Amino acid sequence: MSRKLFVSPSPHVHSGDSVSSNMYGVIIALIPAFVASIYFFGLGALTVTFTAVAACLLFEFLVQKYLIKGEFTLNDGSALLTGLLLSFNLPSNLPLWIVIIGAFVSIVIAKMSFGGLGNNLFNPALVGRVFLLISFPAQMTTWPVGGTADRFTTVDVATGATHLMPLKGMGGDLLTYADLFFGKMGGSLGEVSAFALLIGFAFMLWRKIITWHIPVSIFASVAIFALLLKADPIAHLFSGGLMLGAIFMATDYVSSPMSKSGMILYGVLIGFLTLLIRKYGAYPEGVSFAILLMNSVTPIINMYMKPKRFGEVVKNG
Amino acid sequence: MNVILISVILLAVVGGVSALILYFVAQKFHVLEDARIDVVQEILPAANCGGCGYPGCRGFAEACVKADTLEGLYCPVGGSEVMSKVGSILGREAAQTVPMVAVVRCQGDCDKRPQTNEYDGPTNCSIATSLYGGDTDCSYGCLGHGDCVVVCGFDAIKMNPETRLPEVDEDKCTGCNACVKACPKVIIELRKKGPRSRRIYVGCVSKDKGAQTKNACAVGCIGCSKCFKVCEFDAITITNNLAYIDPNKCKLCRKCPEVCPTNAIVELNCPPRKKKEEDVISND
Amino acid sequence: MRTFRIGGVHPPENKLSAGQIIEEIGLPKQVIIPLAQNLGAPSTAIVNKGDEVKVGTIIGRSSGFVSSNLHSSVSGKVAKVDQSLDASGYRRPSVFIDVIGDEWEESIDRSTNLKNECDLSAEEILKKIGEFGIVGLGGATFPTQVKLMPLPGKKAEILIINAVECEPYLTSDHALMMEKSDEIMVGIQILMKAINVTRTVIGIENNKPDAIVLMTQKALKYKGVEVMQLKVQYPQGGEKQLIDAVIRRQVPNGALPIATGAIVQNVATAFAVYEAIQKNKPLIDRVVTVTGKSIVKPSNYKARIGIPMQMLMDAAGGLPEDTGKIISGGPMMGKAIVSLDIPVVKGTSGILVLPDFESQRAKMKNCIRCSKCVSVCPMGLEPYLLGSIGEMQLWDRAEKEDVMNCIECGCCSYTCPSGRPLVDFIRLGKTKVSAIIRARK
């Protein structure tokens, strides 16, 4: 034996799971929605996505090189994912400088200023989106209607409102369920196709990247509260950013609760807040606000919603 | 105009009521504290190191004020100086204590104590200790993961990356005992600072038999008892193959380091000895 | 198919030595028998340098309530009683015996014929188990007589035989079941008599179909004994997990397993009990798996206690060139050792050699709070939290968060995508908290 033996405490084997494999798993799960966005919105979707991703990577690189001077974490895929998710929350005709501002807020303010991945309180992409929504409300709420515009030109196309406006009685026509499901409507580029997002959900469940608890409890609570508030549950489920939010944003590891019971509570409250905002708030869409609000409650949920300890409740039989 | 007026009045009323509530609550729940506690706390070093055995400097100040004598109460950081000040405030006699300093009783650096395996766990001495004897053949020696460095509140102990041993900065060390408690191998000891900071101690804690120690480390105490025989003041005892120099009996005569075959006895801050001939030759 | 209800992981099984027959290992020139081979107080040596011993001669006496006797595994002369490195990673007192011939104590029945009848009473059985130094052979080495001892107010209803072998790589229990099923059944009968129960369940994971078939078939002959197939899931061999899997009862927080009415014994312990009671043979040997991906011949060996692990490694084709780590036990809970000169002891279930590329831990990253550790923890704890509490040394908080419930199975560290050493810090927390609890009493 030429070399020295390694000695470490048990366990001596590892599952091989890593931060980057989880992040890239989520990115793969986003591919169907990305394809759908290009199909519906054309070149605009591509440029917005590309700009957001590039800006996020650049900002993370700059912060780590000049401010934090820590270990580079660019290759773990989390900045890439933040960029993708941010762009999915933006309209495809958004001016690119606004996209870059969003990326700056997401990475520099919401993620790196807290100490990087793992320490952020809020979902970075959502912070970016909400910042833009408040700062640039006009640009953020006019969308090209999916599938109607000439997809591969960047000239001004017909813009319309999401399906949430008619749902709220703000004018406009109600769409068919099929259009809602496949995404033939106005909206941010990644959120329109519930079908594509659900494929991603199935993929993440299969790869065990996330568990079903958060998305399913959001779906259930949205449906139940919609019924209670005498709204159309199916329309609420498939319109706006709900699918994207429930599957990809609320399940963000860092800002969601740790225990299963906590996850369900978190999901139910997100659904409830979303419906409240959609029904009674000033904004037609409430998913982002609901998730951010619940992000801030996550530490409290973690403190009180403990997993069931072994032997705590003795069940016989 | 009306709006502004209403707002101002409303705010003033709310503010006034809150102030009243605060005032009465403060009166009702006021805790009478001995004013001297604050004065004593002012004098203390405010390091909150716990070296005195109380939770923080405030706790120690309370204990000092409450106690009838200052016996048994000692701030190792501030030393006699601070304690006599505390004593004068409280009108009590402060015990005179000798200043102490931490010494690291292991000299097995990478050359003298060869590594035999590679530790691949968390950088934490306690975890490594519960796992095994360490990455050298000596299971008593320093592991070099720096638990002592982490607990030191005075920046007085540093890990030397070359030797992988901690080094005490005796100007900064206050003798608070934190590192002694943190070291799972009980390598660090508090010793009297000594006249002109001169100290002689055994830089080894290995209780292994001589042959085993020698095998593992070039500077380990092998329990040969040469120092024991040469000591004229009965300061040296040998138990479990390990020599120990009693700081209260040691007169710093510097005979024992000379006879130690493994150079396990450390002399600190002593003037250089007259060089022997062979040394002179080898140094040229 | 049943398994325990909270958490768990399923690492690659890698049972490379499955199906290998048990080969006997010869004798070395000298054996080193550590005095601390059981959980609790180490035995006290009762032999001195120069004493002559035979195989089975008692050389160490139980030194407390939780302690056990120790017997010579060879015949020869005691060379010295001295410190020697053992699997704990420290030098501890051990008896060195120079081997001369292979002479056994006359009382030991060395024939291989099955002896079914046992007319000893429960007390006599317990006494004999204690005398013959039987300890739990699953790895915890808890003295068996203590575990079987009736507690006032607690009545055992069921005996559960742990034949799960949930650790990857290890096959010693599997091999033993394939070859000594009859003896194990008799051992089970004796154990049932000792604790006065009428029902026994042998829990076997379904990655050992041949053992399930064989044991089910043998169990038909014995009343009250049944085999339960369990879904492969680590740490099913943990006492609390096994009870939960088999009888769907959870040991209440802070109570002993007997609170559920179940007593768990390892299958190898049942065999050792058979040998002790029926053949008067103390615990002087055991089955050890020698395995690893680079090992030429992964095998199961019957080895005397005290022989150097090097002998087993040589028999299996020698230590491979690319060895990075040697583990005494399985990969999940085994202990990394620094040399093969250390002796086989009662708790050595296997020697696992990991190649270089599997030996080093991945670089630690920030916790991303993915909650995977929470979902795999079989005790329903929050390893991410306990880990950071340990790093920050907040021991009061650790106690409140039930750190003492941790069974150190390592599922959390195994699964952590950030490669954080969670169980290391939890173990540290357990040590510190138990010291605090002791100091309080």
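Conventions we followed
Residues numbered from 1 in each chain as written. Chains lettered and ligands numbered in written order. Predicted model: local features only at pLDDT ≥ 70, side-chain atom pairs only at ≥ 80, totals over all residues. Heavy atoms only, no water. Pairing = 2+ DSSP bridges. Helix = DSSP H or I, 4+ residues; strand = E, 2+ residues; numbered from the N terminus. Buried < 20%, exposed > 50% of the residue type's maximum accessible area, 1.4 Å probe, protein only. Polar contact = N/O pair within 3.5 Å; in protein donor to acceptor, adjacent residues only side chain to side chain. Contact = heavy atoms within 4.5 Å. Domains from an automatic or database assignment. Buried area = accessible area lost by both parts, 1.4 Å probe. Salt bridge = Lys/Arg side-chain N within 4 Å of Asp/Glu carboxyl O. Nonpolar A, V, L, I, M, F, W, Y, C, P; charged D, E, K, R; others polar. Phe/Tyr/Trp six-rings, centres within 6.5 Å; stacked < 30°, edge-to-face > 60°. Lys NZ or Arg CZ within 6 Å of the ring centre and 35° of its normal. Axes fitted to C-alpha atoms, helices over the stretch in contact; angles between N-to-C directions. Parallel < 35°, antiparallel > 145°, perpendicular 65-115°, else oblique. Left-handed = near helix turned anticlockwise from the far one by under 90°.

Participant: How should I be thinking about the sheet that holds strand E3 (residues 44–45) of chain C in this particular structure?
Facilitator: Note: strands within a sheet are paired through backbone hydrogen bonds, in either parallel or antiparallel orientation. All names here are of chain C. With antiparallel pairing, 3 strands are arranged side by side in an open sheet as E3-E5-E6. If you trace the sheet from one side to the other, it starts and ends with E3 and strand E6 (70–71), each paired once. Pairing between strand E5 (residues 58–61) and E6: 2 bridges, direction antiparallel. In the strand pairing of E6, Ile-58 is matched with His-71.

Participant: Honestly, the side chain of Arg-105 of chain B in this entry has me stumped. Any pointers?
Facilitator: Residues and elements named next belong to chain B. Tracing the backbone shows Arg-105 in the loop between strand E1 (100–104) and strand E2 (117–119). In this structure Arg-105 comes out as buried when scored by relative accessible area, which is 13%. Only 3.1 Å separates the side chain of Arg-105 from the backbone oxygen of Ile-187, close enough to count as a polar contact. Not counting the four nearest positions on each side in its chain, Arg-105 is found in contact with Val-186, Ile-187, Ile-188, Glu-189, Tyr-201, Val-202, Gly-203, Cys-204, Val-205 and Tyr-244.

Participant: What exactly am I supposed to notice about the domain arrangement of chain B here?
Facilitator: Many descriptions give the size of an interface as the accessible area lost when the pieces come together. All names here are of chain B. What the domain assignment lists for chain B is domain 1 (35–90) and domain 2 (100–271). If you average the C-alpha positions of domain 1 and of domain 2, the two centres end up 31 Å apart. Contacts between the two partners involve 6 residues from domain 1, matched on the other side by 5 residues from domain 2. Here domain 1 meets domain 2 over a buried area of about 400 Å², counting both sides, of which 67% is carbon and sulfur.

Participant: Which parts of the structure should I look at to understand the interface of chain C and chain B?
Facilitator: Every contact between the two is made by 15 residues of chain C and, on the other side, 18 residues of chain B. Approximately 1,400 Å² of surface area, both sides summed, lies buried where chain C meets chain B, with 49% of it carried by carbon and sulfur atoms. Connecting chain C to chain B are 3 salt bridges. With a shortest N-O distance of 3.4 Å, Lys-209 of chain B and Asp-82 of chain C are connected by a salt bridge. Our count for the contact surface shared by chain C and chain B stands at 8 residue pairs in polar contact (both at pLDDT 80 or more). Broken down by element, the residue count for the side of chain C that touches chain B peaks at 4 residues, all from helix H13 (residues 422–440) of chain C. In terms of residue class, the side of chain C that touches chain B is built from 5 nonpolar, 4 polar and 6 charged.

Participant: For this particular structure, what's the right way to read the packing of aromatic side chains?
Facilitator: What describes a pair of aromatic rings is the distance from one ring centre to the other and the angle between the planes of the rings. A full pass over the atoms with the stated rule returns 13 aromatic pairs over all chains. Look at Phe-271 of chain C and Tyr-274 of chain C: their rings are 6.5 Å apart centre to centre, the planes differ by 20 degrees, and that puts the pair in the stacked class. One end of the pair, Phe-271 of chain C, and the other, Tyr-274 of chain C, are both in helix H6 (residues 267–279), 3 residues apart, so they sit about a helical turn from each other. For Phe-271 of chain C, a relative accessible area of 10% translates into the label buried. With a relative accessible area of 2%, Tyr-274 of chain C lands in the buried category. An aromatic cluster is defined as three or more aromatic residues linked by ring pairs; in this entry it consists of Phe-181, Phe-195 and Phe-238 of chain A. In this arrangement the basic side chain of Arg-207 of chain A is found over the ring face of Trp-206 of chain A, its NZ or CZ atom lying 5.4 Å from the centre.

Participant: Can you walk me through the interface of chain A and chain C in this structure?
Facilitator: With 43 residues of chain A at the interface, the matching set in chain C holds 64 residues. Buried surface at the junction of chain A and chain C, summed over both partners, amounts to about 4,600 Å²; 53% is from carbon and sulfur atoms. The largest per-residue losses of area from chain A upon contact with chain C belong to His-12, Met-258 and Phe-310 of chain A, which jointly make up 20% of the total buried on that side. In this structure, the connection of chain A to chain C is made through 6 salt bridges. For Arg-309 of chain A, the salt bridge identified is with Glu-382 of chain C, shortest N-O distance 3.6 Å. For the pair chain A and chain C, the number of links is 23 residue pairs in polar contact (both at pLDDT 80 or more). Secondary structure elements with two or more residues in the side of chain A that touches chain C: strand E1 (5–7), helix H1 (19–41) and helix H13 (260–280) of chain A. With 3 residues, E1 of chain A is the largest single contributor of residues to the side of chain A that touches chain C. Its residues placed into classes, the side of chain A that touches chain C shows 18 nonpolar, 15 polar and 10 charged.

Participant: Can you walk me through the side chain of Ser-139 of chain B in this structure?
Facilitator: If you trace the backbone, Ser-139 of chain B turns up in the loop between helix H5 (125–131) and helix H6 (147–151). Since its relative accessible area comes to 11%, Ser-139 of chain B is described here as buried. Sequence-distant contacts of Ser-139 of chain B, defined by excluding residues within four places in its chain, comprise Gly-133, Lys-185 and Asp-208 of chain B together with Tyr-90 and Arg-91 of chain C.

Participant: When you look at the sheet that holds strand E11 (residues 225–230) of chain C in this model, what are you seeing that I'm missing?
Facilitator: All names here are of chain C. The 4 strands are arranged E11-E10-E9-E12 in an open sheet whose pairing can be described as parallel. Each end of this open sheet is capped by a strand with a single partner; those strands are E11 and strand E12 (262–266). On average, adjacent strands in this sheet sit at an angle of 25 degrees to one another, irrespective of strand direction. Here strand E10 (residues 200–205) runs beside E11; their pairing, made up of 6 bridges, is parallel. Paired with Thr-200 across the bridge in E11 is Val-225. Against the sheet, helix H4 (residues 209–219) touches E10 and E11, its axis set at about 160 degrees to E11. The sheet strands contacting H6 are strand E9 (158–162) and E12, and the helix crosses E12 at an angle near 80 degrees.

Participant: Any chance you could explain unusual backbone geometry here in plain terms?
Facilitator: Cis geometry is adopted by the peptide bond preceding Pro-11 of chain A, which originates at Ser-10 of chain A and carries an omega value of -5 degrees. Tracing the sequence through the fold places Pro-11 of chain A in the loop between E1 and H1. Of the consecutive residues Tyr-234 of chain C and Pro-235 of chain C, the connecting peptide bond is found in the cis state with omega at -5 degrees. With respect to the secondary-structure elements, Pro-235 of chain C resides in the loop between E11 and helix H5 (239–247). Positive phi, close to 60 degrees, is recorded for Asp-234 of chain B, a residue that is not glycine.

Participant: For this particular structure, what's the right way to read the packing of helix H4 (residues 96–111) of chain A against helix H5 (residues 124–135) of chain A?
Facilitator: The relative placement of two packed helices comes down to the angle between their axes together with the axis-to-axis distance. Residues and elements named next belong to chain A. In the contact formed by H4 and H5, the axes pass within 8 Å of each other and the chain directions differ by 135 degrees. As summarised for this structure, H4 and H5 are arranged oblique, according to the angle between their axes. Crossing angle aside, the handedness with which H4 passes H5 is right-handed. From H4, Ile-98, Ile-101, Gly-102, Val-105, Ser-106, Ala-110 and Lys-111 reach across to H5, where they touch Pro-124, Ala-125, Val-127, Gly-128, Phe-131 and Leu-132.

Participant: I'm lost on the environment of Glu-205 of chain C in this one. Help?
Facilitator: Residue and element names in this part refer to chain C. With respect to the secondary-structure elements, Glu-205 resides in strand E10. It is 40 Å that separates the C-alpha atoms of Glu-205 and Ala-45, two residues lying 160 residues apart in sequence. In contact with Glu-205, not counting residues within four places along its chain, are Ala-163, Val-164, Glu-165, Cys-166, Ile-212, Leu-230, Lys-231, Val-232, Gln-233 and Gln-236. At 3.3 Å, the side chain of Glu-205 and the backbone nitrogen of Gln-233 are in polar contact. At 3.0 Å, the side chain of Glu-205 and the side chain of Gln-236 are in polar contact.

Participant: Explain the domain arrangement of chain C to me, please; I cannot follow it from the model alone.
Facilitator: All names here are of chain C. We note that the domain assignment places domain 1 (122–279) and domain 2 (372–440) within chain C. For domain 1 versus domain 2, the separation of C-alpha centres amounts to 29 Å. Tallying the contact residues gives 5 residues for domain 1 and 6 residues for domain 2. For the pair domain 1 and domain 2, the summed buried surface comes to about 490 Å²; carbon and sulfur atoms form 54% of the total. Summed over the three residues of domain 1 that lose the most area to domain 2, namely Tyr-234, Gln-241 and Asn-253, the buried surface amounts to 66% of that side. Summed over the shared surface of domain 1 and domain 2, the result is 0 salt bridges. Our count for the domain 1 to domain 2 interface comes out at 3 residue pairs in polar contact (both at pLDDT 80 or more). Of the residues belonging to the side of domain 1 that touches domain 2, the class tally is 2 nonpolar, 2 polar and 1 charged.

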